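The residues making up each chain are set out below.
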Amino acid sequence: MRFLKTSSVCGITLWFAASLQLAASSHPEVLVVYNGNSTDSYNVAAHYIQQRNIPTPLCVITPPTTDFLSLSDYTTSVKTPIQNCLNTIGKTNILYIVMSYMTPFAVGDGPWGKAAIDSYLGDIWDKYT
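What counts and what doesn't
Residues numbered from 1 in each chain as written. Predicted model: local features only at pLDDT ≥ 70, side-chain atom pairs only at ≥ 80, totals over all residues. Heavy atoms only, no water. Helix = DSSP H or I, 4+ residues; strand = E, 2+ residues; numbered from the N terminus. Buried < 20%, exposed > 50% of the residue type's maximum accessible area, 1.4 Å probe, protein only. Contact = heavy atoms within 4.5 Å. Areas by Shrake-Rupley, 256 points an atom, 1.4 Å probe, with all protein chains shown as cover. Expected span 1.5 Å × (residues − 1). Arc of directions from axis to C-beta. 1 Å grid on protein atoms, 1.4 Å probe; cavity = no way out; pocket = protein on both sides within 12 Å on 5 of 7 lines; lining within 4 Å. Points joined across faces, edges and corners; volume = space filled by probe spheres on them. Nonpolar A, V, L, I, M, F, W, Y, C, P; charged D, E, K, R; others polar. Polar contact = N/O pair within 3.5 Å; in protein donor to acceptor, adjacent residues only side chain to side chain. Salt bridge = Lys/Arg side-chain N within 4 Å of Asp/Glu carboxyl O. Pairing = 2+ DSSP bridges. Axes fitted to C-alpha atoms, helices over the stretch in contact; angles between N-to-C directions.

Peer 1: Where do I start with the overall build of the protein chain in this structure?
Peer 2: Scanning the protein chain for helices and strands turns up four helices and six strands. Element order for the protein chain, N to C, with α for helix and β for strand: α-β-α-β-β-α-β-β-β-α. For the protein chain, buried positions account for 32% of its 129 residues. Put simply, 70% of the contacts in the protein chain that link residues at least 6 apart link residues at least 24 apart. When the accessible surface of the protein chain is totalled, it reaches about 8,200 Å², and 60% of it is carbon and sulfur.

In structure tokens:
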């Protein structure tokens, strides 16, 4: 009976330690993008990377608006800066792009009509367009 209690305590302790390690693990595969025109956007992005333990630097964009962008505004103020960030970090090192608060959410006149900005970011290198 004593062995069961000791092994249970050891098992729980190991599980807890593993959970803490997993929660504290680094996430270098994530790129967080914020709007340089908004202090709130930066604050939310900085809080997010701290809470999620993301070591990659933040990527700044300066869009003219925070809702719908024209295709040319998307290309100039979102796509190109993010491509520059990806080139700096390494194209194959990033698996996820997270847009912070106060960043645009759609492109209004692109090849797919009005579409979520995520759809465009999913093909940031124009491999499929």
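Peer 1: Would you mind going over helix α2 (residues 39-52) with me for this structure?
Peer 2: The periodicity of an α-helix, 3.6 residues per turn, causes residues three or four places apart in sequence to face the same way. Relative to the 20 Å expected for 14 residues at 1.5 Å per residue, α2 spans 20 Å between its end C-alpha atoms, a close match to the ideal helical length. Ser 41, Ala 45 and Ile 49 are the residues of α2 that are buried. For α2, the arc enclosing every buried residue in end-on projection is 60 degrees, short of the 170-degree limit, so these residues lie on one face. For α2, exposure combined with an orientation more than 90 degrees from the buried face picks out Thr 39 and Gln 50. In this structure, the buried residues of α2 make contact with β1 (30-35). Positioned one or two residues after α2, Asn 53 has a phi angle of 55 degrees, which is positive.

Peer 1: I tried to follow helix α3 (residues 71-89) on my own but got confused; where do I start?
Peer 2: Between its first and last C-alpha atoms α3 spans 25 Å; for 19 residues at 1.5 Å apiece the expected length is 27 Å, and the two agree. The positive-phi residue at the C-terminal boundary of α3 is Gly 90, with phi of around 120 degrees.

Peer 1: Is there a simple way to think about the layout of surface pockets in this case?
Peer 2: Empty pockets left among the atoms are what a rolling probe the size of a water molecule brings to light. Approximately 160 Å³ is the volume found for the largest pocket. Every residue along the wall of the largest pocket is listed here: Leu 86, Lys 91, Ile 94, Leu 95, Ile 97, Leu 121, Gly 122, Asp 123, Ile 124, Trp 125 and Lys 127. When grouped by side-chain class, the residues that make up the lining of the largest pocket number seven nonpolar, one polar and three charged.

Peer 1: What exactly am I supposed to notice about the side chain of Asn 35 here?
Peer 2: Inspection of the secondary structure assignment puts Asn 35 in strand β1. The class of Asn 35 is buried, set by a relative accessible area of 2%. At a separation of 2.8 Å, a polar atom in the side chain of Asn 35 contacts the main-chain amide nitrogen of Asn 37.

Peer 1: Explanation requested: the pattern of salt bridges in the structure shown.
Peer 2: Opposite charge on two side chains permits pairing when their charged atoms draw close. Scanning all chains against the criterion turns up one salt bridge. The residue Lys 79 makes a salt bridge to Asp 126 at a minimum N-O spacing of 2.4 Å. Here Asp 126 lies in the segment after α4 (117-121) and Lys 79 lies in helix α3, a separation of 47 residues in the sequence.

Peer 1: Looking at this structure, how should I read the sheet that holds strand β2 (residues 59-61)?
Peer 2: Note on sheets: strands pair through backbone hydrogen bonds, and any given pair is parallel or antiparallel. Spatially, the three strands line up as an open sheet ordered β2-β1-β4, and their pairing is parallel. Since the sheet does not close on itself, it has two edges, and those belong to β2 and β4 (96-99), each with one partner. Each strand axis lies, on average, 30 degrees off the axis of its neighbour in the sheet, ignoring direction. Two elements, β1 and β2, share three bridges in a ladder whose sense is parallel.

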